[in-house]
Amino acid sequence: DAAVRAVDPAEAIRRHLVRDGDRLAIGGEQVDLRAVGQVVVVGLGKAGAPMAAAVEEILGPRIARGVVVTKYGHVQPTRTIRIHEAGHPVPDDAGMVGARAVLDQVKGLDPSDLVVVLISGGGSALTPAPVDGVTLGEKQALTQALLACGADIREMNTLRKHISRIKGGQLARAAVPARVFTLILSDIVGDPLDAIASGPTVPDPTTYADALAILDKYRIREKIPASIRAHLEAGAAGTVPETPKPDDPLFGRVRSVMVASNIQALEAAKTEAERLGLRAVIL
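About the criteria used
Residues numbered from 1 in each chain as written. Predicted model: local features only at pLDDT ≥ 70, side-chain atom pairs only at ≥ 80, totals over all residues. Heavy atoms only, no water. Pairing = 2+ DSSP bridges. Helix = DSSP H or I, 4+ residues; strand = E, 2+ residues; numbered from the N terminus. Axes fitted to C-alpha atoms, helices over the stretch in contact; angles between N-to-C directions. Right-handed = clockwise from strand over helix to strand, strands pointing away. Contact = heavy atoms within 4.5 Å. 1 Å grid on protein atoms, 1.4 Å probe; cavity = no way out; pocket = protein on both sides within 12 Å on 5 of 7 lines; lining within 4 Å. Points joined across faces, edges and corners; volume = space filled by probe spheres on them. Nonpolar A, V, L, I, M, F, W, Y, C, P; charged D, E, K, R; others polar. Left-handed = near helix turned anticlockwise from the far one by under 90°. Salt bridge = Lys/Arg side-chain N within 4 Å of Asp/Glu carboxyl O. Buried < 20%, exposed > 50% of the residue type's maximum accessible area, 1.4 Å probe, protein only.

I keep staring at the pairing of strand β1 (residues 17-20) and nothing clicks. Help me out?
Across 4 bridges, β1 lies against strand β2 (residues 23-26) in antiparallel orientation. Of the residues in β2, the one forming a bridge with Val18 is Ala25. Count of turn residues in the β1/β2 antiparallel hairpin: 2 residues, of which Gly21 carries a positive phi of about 65°.

What am I meant to see in the sheet that holds strand β5 (residues 63-71) here?
Remark on secondary structure: sheet strands pair via backbone hydrogen bonds, oriented parallel or antiparallel. Taken in spatial order, the 6 strands of this open sheet run β6-β5-β4-β7-β8-β9, and their pairing is parallel. Every interior strand has two partners, whereas the edge strands, β6 (82-86) and β9 (254-260), have only one. For this sheet, the mean angle separating the axes of adjacent strands, direction not counted, is 15°. Where strand β4 (residues 39-44) and strand β7 (residues 114-119) come together, 6 bridges link them in parallel fashion. Bridge pairing links Leu44 to Ile119 in β7.

Teacher, can you tell me more about the pairing of β5 here?
Within a regular strand, the side chains alternate between the two sheet faces. Across 6 bridges, the pairing between β4 and β5 is parallel. Considered in β5, the bridge of Val40 is made with Arg65. Following the chain from β4 across helix α3 (residues 48-59) to the adjacent parallel β5, one finds a crossover that is right-handed. Taken together, the 5 bridges between β5 and β6 define a ladder with parallel strand orientation.

Could you clarify how one ought to interpret the sheet that holds β1 in this entry?
In spatial order, the strands read β1-β2-β3; together these 3 strands make up an open sheet with antiparallel pairing. Looking at which strands have only one partner, the edges of the open sheet turn out to be β1 and β3 (29-32). Averaged over all neighbouring strand pairs, the angle between strand axes comes to 20°, with direction disregarded. Each of β1 and β2 is contacted by helix α2 (residues 9-16), which is oriented at about 50° to β1, the strand it contacts most. Contacts from α3 reach β1 and β2, with the element oriented near 15° to β1.

Help me understand empty space enclosed by the protein, please; the structure alone is not making it clear to me.
Applying the stated criterion to the full structure yields 1 cavity of 30 Å³ or more. Its volume calculated, the largest cavity comes out at about 30 Å³. Residues that form the lining of the largest cavity fall into these classes: 6 nonpolar, 3 polar and no charged.

Explanation requested: the packing of α2 against α3 in the structure shown.
Each pair of packed helices can be described by the angle between their axes along with the distance between the axes. Closest axis-to-axis distance for the α2/α3 pair is 8 Å, and the angle between their directions is 40°. Regarding α2 and α3, the two cross each other, and that crossing is right-handed. Residue-level contacts link Pro9, Ala10, Ile13 and Arg14 of α2 to Pro50, Met51, Ala54, Val55, Glu57 and Ile58 of α3.

What exactly am I supposed to notice about the pattern of salt bridges here?
Pairing between side chains becomes possible if they bear opposite charge and their charged atoms approach one another. Per the counting criterion, the structure on display carries 17 salt bridges. In this structure, the salt-bridge partner of Arg179 is Glu29, at a minimum N-O distance of 3.2 Å. Here Arg179 is found in strand β8 (residues 179-185), whereas its partner Glu29 is found in strand β3, with 150 residues between them in sequence. Glu29 sits in the partly exposed class, given a relative accessible area of 26%. When the shortest N-O distance is used, the salt bridge between Lys161 and Asp194 registers 3.3 Å. Residue Lys161 is located in helix α7 (residues 153-161), and its partner Asp194 is located in the loop between β8 and α9 (208-217); the two are separated by 33 residues in the primary sequence. Each member of the salt-bridge network shares a partner with another, and the members are Lys161, Asp194, Asp204, Glu242 and Lys245.

Set out below in structure tokens:
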């Protein structure tokens, strides 16, 4: 119970998003709301609904619009931000609709506009946005193949990023020239920002060549759909643009804030165990 309380999604947002009149503190940075045009909230992940509700508590009518994609059955009431349900861990048609809605929310913004992005575990599967020439069924087949072969979450997300229009920094690219703040609830040990929900607003250090190497590692290159294989091979050959990398200037207006993580949950459990007189060690 102590561990779960320590990483409660709504409380995590309240700790890192603090409003005082027209001043908004986001993870240590100050934003003057008087200088902000529209505030748009988008999100993807299983903790999306409580995170969105907390943002609404804080920003209220300053939010112009928003949509958050979460897993079936994980909805809770919100006013301005629409909560959209989709499939996890295997992506479905509802997820494609949700991904399009997220991308539509951030199109056509101005430099004065502010996008708040809410990221939590499961966001990658919940928002399939396959590249042209790849169907949802083919992406589902890839996901099933990766689950069956034993690929870990980082390997799965490397593949997902390179057949997506939203993952691997591409949501941030779609929001240009607006300012973007991403509030992240991590579900991956070590908190690698590029791997959590496949890093839609952070630089992608992985490449098409890395994606192909993973397929070869598990001997499934010839077992995945031909359209996906062809896209990855074209990317590795340089005929398809890469995902945005750390030196891309677009990230000059993008900030990421870790609001909760596994280690916080572990430390809370350790503290409570010690309070109860137990000898506790985090391995």
